Amino acid sequence: MFAVSSQHKHWLFSGETELAKHRAEANKAYIEQYRQNKTDEEVAAFFLTPAEERILGRQYEVVLRKFCSEFQPLMPKCVIGTSLAFFKRFYVFNSTMDYHPKDIMLTCVYLACKCEEFYVPIGQFVKNLRGDREKFADAILSFELTLMGKLNYQLTIHNPFRPMEGFMIDLKTRYPDLHNPEKIRKYVEEFLDRSLLSDACLIFSPSQIALAAIKFGAAKESISLDGYIKSVVLKLASEKEAENTLYQLRRVKAIVKSFEPTTREQAQAVQKKLDRCRNQENNPDSEIYKQKAIDKLNAEDDIPVVKRSKMSQDNGS
Amino acid sequence: MDEQGCPRCKTTKYRNPSLKLLVNVCGHSLCESCVDLLFVKGSGVCPECNTSLRRTNFRLQLFEDPFVEKEIDIRRKVLRECFIQTIYHNYYFHFLAVYNLSNHIDVDETKRMIEQYKKENRDQIKKNQSKMSRDEEMLESLIEQEQQESYMRKTMLKQNEQREKAAKRKHKDDLIDDLMFSELSAQAIISSHRESAKQEEEELKAKSAATTFSTGIKIGHQKNVVPMTRTEQGVLFRYFPLVLEWCGPEPPSMDDIYSDGYLKNIRPASDAERAGGFREAIACHRALQEAFSGLFSYPTISPSPVKQPALAASASH
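With an unreviewed UniProt entry as reference, chain B is termed CDK-activating kinase assembly factor MAT1, source organism Elysia chlorotica. As recorded by UniProt, the Subcellular location (unreviewed entry) comment attached to chain B reads in full: "Nucleus".

Taking an unreviewed UniProt entry as the reference, chain A is identified by name as Cyclin-H belonging to Elysia chlorotica. Listed under Sequence similarities (unreviewed entry) in UniProt, the entry text for chain A is "Belongs to the cyclin family. Cyclin C subfamily." If you open the UniProt record of chain A and go to Subunit (unreviewed entry), you find "Associates primarily with CDK7 and MAT1 to form the CAK complex. CAK can further associate with the core-TFIIH to form the TFIIH basal transcription factor."

Caption draft 1: Layout of the interface of chain B and chain A. Taken together, the contact pairs 35 residues of chain B with 40 residues of chain A. Residue composition of the side of chain B that touches chain A, grouped by class: 21 nonpolar, ten polar and four charged.

Caption draft 2: Region of interest: the nonpolar core. With 87 residues, the main nonpolar core has Phe86, Phe87, Cys108, Val109, Met164, Ala213 and Ile214 of chain A as its most contacted residues. Examining the composition of this core, we find that ten residues originate from one element, helix α5 (residues 77-93) of chain A, more than from any other. The contact partners of Val109 of chain A, leaving out residues within four places of it in the chain, are Leu64, Phe67, Cys68 and Ser83 of chain A. By size, the runner-up hydrophobic cluster in this structure holds eight residues, among which are Cys6, Leu22, Cys31 and Phe39 of chain B.

Caption draft 3: Structural context of helix α4 (residues 50-69) of chain A. All names here are of chain A. Helix length check: α4 (20 residues) gives 29 Å between terminal C-alpha atoms against 28 Å at 1.5 Å per residue, within 8%. If you check which residues of α4 are buried, you get Glu52, Glu53, Arg54, Leu56, Gly57, Arg58, Gln59, Tyr60, Glu61, Leu64 and Cys68. The inward-facing, buried residues of α4 abut α2 (16-34), α5, α6 (101-115), α10 (185-197) and α15 (264-277).

Caption draft 4: Seen up close, helix α9 (residues 161-174) of chain A. All names here are of chain A. Counted at 1.5 Å a residue, the expected span for α9 with its 14 residues is 20 Å, and the 20 Å between its end C-alpha atoms agrees. Of all 14 residues in α9, twelve are buried, a share of seventy percent or more. For α9, the full list of buried residues reads Phe161, Arg162, Pro163, Met164, Glu165, Gly166, Phe167, Met168, Ile169, Asp170, Leu171 and Thr173.

Caption draft 5: Here's a closer look at the confidence of the model for chain B. Residues and elements named next belong to chain B. Per-residue confidence for chain B gives a mean pLDDT of 77; residues scoring 70 or more make up 76%. Mean pLDDT values over the elements of chain B span from 42, in helix α11 (residues 308-316), up to 91, in helix α10 (residues 280-292). Across residues 301-317, where pLDDT falls below 50, the model places 23 contacts with residues more than four positions away in sequence or in other chains. Scored as a complex, the prediction yields pTM 0.59 and ipTM 0.84.

Caption draft 6: Inspection of the sheet that holds strand β1 (residues 21-23) of chain B at higher detail. Residues and elements named next belong to chain B. One open sheet accounts for three strands, arranged β2-β1-β5; its pairing is antiparallel. A single partner strand is all that each edge strand has here, and the edge strands are β2 (29-31) and β5 (59-60). Two elements, β1 and β2, share three bridges in a ladder whose sense is antiparallel. Looking at the pairing, Leu21 lines up with Cys31 of β2.

How each quantity is defined
Residues numbered from 1 in each chain as written. Chains lettered and ligands numbered in written order. Predicted model: local features only at pLDDT ≥ 70, side-chain atom pairs only at ≥ 80, totals over all residues. UniProt positions renumbered as here; feature names shortened; annotations may be inferred. Contact = placed C-beta atoms within 7 Å. Nonpolar A, V, L, I, M, F, W, Y, C, P; charged D, E, K, R; others polar. Core = buried A, V, L, I, M, F, W, Y, C linked by C-beta atoms within 7 Å. Buried ≥ 20, exposed ≤ 12 C-beta atoms within 10 Å, placed from the backbone. Helix = DSSP H or I, 4+ residues; strand = E, 2+ residues; numbered from the N terminus. Expected span 1.5 Å × (residues − 1). pLDDT = per-residue confidence, 0-100. Pairing = 2+ DSSP bridges.

Below is the structure:
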């Protein structure tokens, strides 16, 4: 039930302004932590700006979707939706400089596979990657807990795909004026795919996105579904509710349509800059990270020893 | 460990747990079904060593190694033929015979040796054969003793029961007699009778206590059954229908789905799915619920929490 879900309670934001505010705060927090004695000009040259972070995030969202669509075995759409939602949620409160999106991206997909009951063992999962697969597997598994923690362990994602099917069934049953609803399906799915790359899933409920997609698809076939929405879906709604819903539908359409893909050149320039300013503690290739992992392992080894000695003390006393 | 199996049909204990291996005098094992097949006529040859065998001589293989079986067989035969009760008579001769026969060394020579021995000691052997071995005698006496004991126990139980029944009947008769002829009030008579009955019961109990084993198990059946402890009954369960929060228009109910013809517009469930308890209406219901729930979500109605960053930060530590 979406209405009582954590998605509704914690992960819906009022709009892009609020999202931008949170992202800027994450960016600022990172810079404050690592600027040391740099002047403002040096900071601007060394660290990423919030706008640059957005470019990088969007670029990796495209990469993520491409990775998912080429994934073997073929994954259901809801896994793509869920992994993109995880990715977006993660970078609302975290900076791309702190955690590199290329690691988080793969972890998101891996976690989404589990959440959507499409479990792929890690060995099979990394077969879809080129390069040192063992290293990838280690990185994914080491970031998995971090990712879940940053998502507050709220891992249920309501995707717009099932609501869309629900509206299609409802259209066929309760709106006989529309003769062949299946012909709009192609456009509807196109719209949903585009919506995945925008921030729509952080602002609107999945049913709103789905209804907007249906409306958009019908408009492409030059059919107006205003009659259906007003007299069937919102028949018993109060005036205020109906007005709000219609307003939200318009906003969904505006946000999804206004999405612009980033160019490769832009992204590459940002990525170069990132290589210097990223947090080395979260870079699986860096020396600091390896040292930290070893320390952690040793610390874990120490704990039982401490416990045992404590126990023997208790026994002795 | 290699599997124990029939050498002819290659069935193993692992594949057929009820496999019965039989062995004949030649010491080669065969499974039950192979024996049935090969020895239809009652006699035949061993498929391994071509010794002619009789079906009646097959017996269950007790040891994993068929050689052991064979040896035991020979040992028994030699023992039966000449050494009953004279086993210490000619120790060396006995073992030599067994060893030679079971390892195919000088078979004819050994057989001749046995024959000769038989002839020499004919009288002795005959005498011994008519006697039963001391061991067997002892076993038999043990079994007999046991049988006697169990019979005694049974009769004792029966007697006890009869005695009890007779006592009860007597009590009843006494009571009726007293009621008929005594001057006392009925109440007093009944209460006095009850008391005396109780007393007798207690006496009986004390008697039966003597027949308790040291382990606490009592001989004979027990009269006093432990009463079932009555569990305390809590507050009765009251059913409250589930109230669902939609944050949107009310979706069609399950009844609507059946009555309004929604089912025409979705794929009917296959027979296999129906067998598993799935109905297409379930999927339809879920899709519709998800389509309508959350439609009214609006940022001013449900403002996204500002405390989110703090929450995320606290969860990560």
